[in-house]
Structures are given as structure tokens and as C-alpha cells.
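What follows is each chain in one-letter form.
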Amino acid sequence: MEAEGTLDLIWGVEAIGKLIGRSYQQTYHMIQSGNLPMVKRVGERYVASRSKLIAFFVEDAA
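Residues numbered from 1 in each chain as written. Predicted model: local features only at pLDDT ≥ 70, side-chain atom pairs only at ≥ 80, totals over all residues. Heavy atoms only, no water.

A. Broad picture of the packing of aromatic side chains. Taken as a whole, this structure holds three aromatic pairs when the rule is applied. With a centroid separation of 6.4 Å and 0° between ring planes, the pair formed by Y24 and Y28 is classed as stacked. Pair noted here: Y24 and Y28 are both in helix 2 (residues 24–32), with a separation of four residues, about one helical turn. Taking relative accessible area as the criterion, Y24 reaches 44% and is therefore assigned partly exposed. Through a chain of ring-to-ring contacts, three or more aromatic side chains come together here, namely Y24, Y28 and Y46. (Phe/Tyr/Trp six-rings, centres within 6.5 Å; stacked < 30°, edge-to-face > 60°. Helix = DSSP H or I, 4+ residues; strand = E, 2+ residues; numbered from the N terminus. Buried < 20%, exposed > 50% of the residue type's maximum accessible area, 1.4 Å probe, protein only.)

This is the structure in C-alpha cells:
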């Protein structure tokens, strides 16, 4: 459980890719093609909720 007030965010394509086991290029392509709908662009960076990313892949695998 996250501590109160702590955000569950992953910033940047590289960090998102590490979490899902993909390279920078693979992750960027997945974001651009709409395959990771929970990833949002904030300014020049991409951000996603760690728990939503994990849930997306766990639900997909089930």
C-alpha cells in the first residue's frame, strides 16, 4: 500500500519500458500507437501510474 500522499507515478519512456520489460524504442512505439492508454504526456515527458500499468498487463495475461 502506498503511503498517504505518495504518488504512484513513473516518469519517462525509459522507466516505463523498464517496468514492462521493453526497450525505449518498443515502449515509445507502444505509447504512440495507443497500446498503452494509461500513459499520458505532461509537457515533454510521459507519465503513468505504476499500479495501472501492472494491472493492464496482469489482466491481459489472465
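After that view, the rundown keeps rolling.
B. Expanded view of the pattern of salt bridges. What the rule picks out here adds up to one salt bridge. Residue E44 pairs with R41 through a salt bridge whose shortest N-O separation is 3.4 Å. Judged by relative accessible area, which is 69%, E44 ranks as exposed. Overall, R41 belongs to the partly exposed group, its relative accessible area being 49%. (Salt bridge = Lys/Arg side-chain N within 4 Å of Asp/Glu carboxyl O.)

C. Representation of helix 1 (residues 13–20) in the model. Taken residue by residue, helix 1 has V13, I16, G17 and I20 as its buried positions. The arc enclosing the buried residues of helix 1, seen along the axis, measures out at 100°, which places them on a common side. Among the exposed residues of helix 1, those pointing more than 90 degrees away from its buried face are E14 and K18. In the stretch just after helix 1, G21 is the one whose phi turns positive, near 75°. (Arc of directions from axis to C-beta.)

D. Examining the nonpolar core more closely. Among the nonpolar cores identified, the biggest contains 12 residues, and these are I10, V13, I16, I20, M30, I31, L36, M38, V39, Y46, A48 and L53. Taken together, the elements giving at least two residues each to this core come down to helix 1, helix 2 and strand 3 (45–49). In terms of residue count, the dominant contributor to this core is helix 1 (three residues). Each residue touching I20, except ones within four places of it in the same chain, is listed here: T27, M30, L36, L53 and F57. (Core = buried A, V, L, I, M, F, W, Y, C linked by side-chain atoms within 4.5 Å. Contact = heavy atoms within 4.5 Å.)

Read these as geometric descriptors, not functional statements.
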